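Overview (structure and organization)
Here's the letter readout for the chains.
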Amino acid sequence: MKLHPLSAVTRSLQRGLVAASFAFFVTAIGQVAAPELLGSFGLIAGLFVLLFAVGVAYGVAYYYRFEYTLTPDTFDVYSGVIGRQEREIPYRRIQNVDVTESLFHRIVGVAIVQIETAGGSQTEATLNFVAADEARRLQREIRDRRARAREEAAEAETAETSEEATVEATAPSETRHADPEAVADRLSREGDLQPEATLFELGSAELLVLALTSFQLASVAFLLFGFPIVEDLLVGLFASVTGIEAPVDALTGTPDLAILVGLLAVAFGVVTMWAVSSVVTFLQYYGFTLGRQGEDLVYERGLLQRYSGSIPTDKIQTLTIQENVLMRALGYAGFTVETAGYSPGQSEQGPQSAIPLADRERTLALARELEPFDELSFTRSPRRARRRYAVRYGLVVLGLTALTFGLSVAVPAFGLWYLPLVLLVGVPPAAHLKWKHRGYCVGEDHFVVRDGFWTRKTRIVPYYRLQTVIRQRTVFQRRLDLAHLTADTATASLLGRQDATAYDIEADAASDLYELNRDRLQASLHGGD
Amino acid sequence: MNALQSRVRVRWGIVALVVVAILGAIVYAIDRFVLGFSPLLGPGVAVALATLEVVYIQALYRSWGYRLDDDALELERGVVTKVETAVPYVRVQHVDTQRGPLDRLLGLGQVVVYTAGSRGADVTIPGLKPDQARELRNRLRDLAIESEPEDAV
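Identification of chain B as YdbS-like PH domain-containing protein from Halorientalis pallida is taken from an unreviewed UniProt entry.

In the annotation of an unreviewed UniProt entry, chain A is listed under the name YdbS-like PH domain-containing protein and assigned to Halorientalis pallida.

See below:
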């Protein structure tokens, strides 16, 4: 099947313009290299038209040379204008199928489909773009075919095991689902999967709370670029209305004043950032619904740009409950699930929000539906870890003070060098809070760790998803008999995201957990749990 | 725990010497053109670093160990931060042996074990004899097949 014909039009226009803009680049170089040659307007125009035509031709050729097919076992994509690529993706290996519709797409009635498998450094198949109906059909069709493929495999597996009369070595990812009862249950409703059942809908009150309590890092970038413009605008407006030139220079006249003004600016920036991220979050999560279809979770969200994605429940690697300070205070929480589908750098969609926000009890109940974990009771790090944090923060503050002191010696009229010392007051509470929110919990089937004060993340790792277990101790930790223990899973390592690590726990406990995680993994693989 | 081949210290030493020489040259250049403290500053720094390097490499060599357990490949290493890693055989995606020019010169080889994990995604065991590396690779491959993963994710 081919992409939507309109994609040929938009793509050729895009490529045409990109190629044509190259004409200016070439002429700019030509101007320097051989000025007398490139005097005529006609030459530039000719080059422009020629390159535009090449771009358009490429766009059209791309459309004609792009084809995708749903075969019984694989999803095939044949693409490439000059270098051809034929890709076959087995349904069973597909992790996520995402549908994105931007505002333009929604007006025209089309959508982008992205198919992800584990591994690989980028999205495995992108259909940019197909009709919106076709996108939905593909999403559903792939889901059905994957379910069928899995059933067949499970059937073969049970047949095999009954022959062998042993219950060993069912496939790791299938352990939970391959028990005969579940298979029988699934076979009984073979083919026609249950219609989509809604699990969760984000209410308008919850959407507001979510928007007001979230703080997205993306808004920092916005602020960085947007702030100078807005500031100039404001200052300009102020001057034109009142006729008074804002005394900007006077404000930063002495270093001390500059510091105070700077602090004010930071406070102002934080408020703006919060406002921006509220709006962004509101737009992103407007109309969020989560449904269940067979083994898959299907979510939809977005006001201007609509996203729809599917998360296979049996491919969930870790489940993370997220609560930031404000959410905790109001009794809300949200959770994300992580599959191995996304690759590093896809921060936009990376970990998928299964439930962006709901009241805490509800969130836990919904999370348990996906990963039936036990009651969580956390073991905290020993108290000497807290001392460690206090010392660490104290050193940072002292370092900062030393820096400002150095500055005050170098810069005349800078007397407020001791200002950072005020932060010392905050060190003990900060250390305490950091310590208080860290902890681990060893469940029957899950290893759970918790970390973070500003945004507390509780990571729930099923033992049968463990990849490697890592225990590490720095010199300082060895002195205090502490250790970090990491239970690594196959989630995409996105920038700035940590793994499930229990920080600064008793060294002995870490050794025990190191063994325990490995044992439990083996037990879950061999169905011995 | 199996230790590495002691020759690996020479390999690490050569790499470290190159780095130390470059650093020494930089310090020398800074001294020559900016500080004017003493022409011996650069070589001095280099000698000091080299001494540290010798101690560090010795400690690193001692800290290194690997073992094939019944369920997992276990590694232990690190001087400042001691790290222990267990890679269950079920999770092994593929195994490489690698021999760079320096390795070939010294008659060494290394084994790289890949998993789908985010952090310990590739684990390297340096400083093995070439046939030892090949043997370890084959052994790991067999163990990975034996443990029968359907989908190592």
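In this section: the overall build of chain B. The number of helices and strands found in chain B is four helices and six strands. In sequence order, chain B lays out its α and β elements as α-α-β-β-β-β-α-β-β-α. Counting all 153 residues of chain B, 41% fall into the buried class. Residue pairs at least 24 apart in sequence account for 48% of intrachain contacts in chain B once pairs closer than 6 positions are excluded. Accessible surface for chain B amounts to roughly 8000 Å². Of this, 60% is attributable to carbon and sulfur atoms.

Right, let's get into the nonpolar core. In terms of nonpolar packing, the biggest core is built from 31 residues, with Phe 200, Leu 319, Ile 321, Phe 335 and Val 337 of chain A touching the most fellow members. Domain assignment of the residues forming this core places at least three in each of domain 3 (204–284) and domain 4 (316–380 + 438–525) of chain A. Every residue in contact with Phe 200 of chain A, bar those within four places of it in the chain, is listed here: Glu 206, Phe 288, Thr 289, Leu 290, Ile 355, Pro 356, Leu 357, Ala 358, Arg 362 and Leu 366 of chain A. Within the second largest apolar cluster, 27 residues are counted, among which are Ile 57, Leu 73, Leu 75 and Leu 143 of chain B.

For the rest of this paragraph, the subject is the packing of aromatic side chains. Centre distance and the angle of the planes are the two values used to describe a pair of aromatic rings. Residue and element names in this part refer to chain A. Applying the stated criterion across every chain, the model contains eleven aromatic pairs over all chains. Taken together through their ring pairs, the aromatic side chains of Phe 200, Tyr 285, Phe 288 and Tyr 299 make up a single cluster. Residue placement shows Arg 386 over the ring face of Trp 435; its charged tip is 4.5 Å from the ring centre.

Another aspect to go through is the packing of helix α1 (residues 8–35) of chain B against helix α2 (residues 41–63) of chain B. All names here are of chain B. At a minimum axis distance of 8 Å, the contact between α1 and α2 shows a crossing angle of 155°. By the angle between their directions, the pair α1 and α2 is classed as roughly antiparallel. Between α1 and α2 lies a crossing of right-handed hand. Between α1, through Val 8, Arg 9, Trp 12, Gly 13, Ala 16, Val 20, Leu 23, Gly 24, Val 27, Tyr 28, Asp 31 and Leu 35, and α2, the contact on the second element is made entirely by Leu 41, Gly 42, Pro 43, Val 45, Ala 46, Leu 49, Ala 50, Glu 53, Ile 57, Gln 58, Leu 60 and Tyr 61. In terms of residue class, the contact of α1 with α2 is built from 17 nonpolar, four polar and three charged.

Rules used throughout
Residues numbered from 1 in each chain as written. Chains lettered and ligands numbered in written order. Predicted model: local features only at pLDDT ≥ 70, side-chain atom pairs only at ≥ 80, totals over all residues. Heavy atoms only, no water. Helix = DSSP H or I, 4+ residues; strand = E, 2+ residues; numbered from the N terminus. Buried < 20%, exposed > 50% of the residue type's maximum accessible area, 1.4 Å probe, protein only. Contact = heavy atoms within 4.5 Å. Areas by Shrake-Rupley, 256 points an atom, 1.4 Å probe, with all protein chains shown as cover. Core = buried A, V, L, I, M, F, W, Y, C linked by side-chain atoms within 4.5 Å. Domains from an automatic or database assignment. Phe/Tyr/Trp six-rings, centres within 6.5 Å; stacked < 30°, edge-to-face > 60°. Lys NZ or Arg CZ within 6 Å of the ring centre and 35° of its normal. Axes fitted to C-alpha atoms, helices over the stretch in contact; angles between N-to-C directions. Parallel < 35°, antiparallel > 145°, perpendicular 65-115°, else oblique. Left-handed = near helix turned anticlockwise from the far one by under 90°. Nonpolar A, V, L, I, M, F, W, Y, C, P; charged D, E, K, R; others polar.

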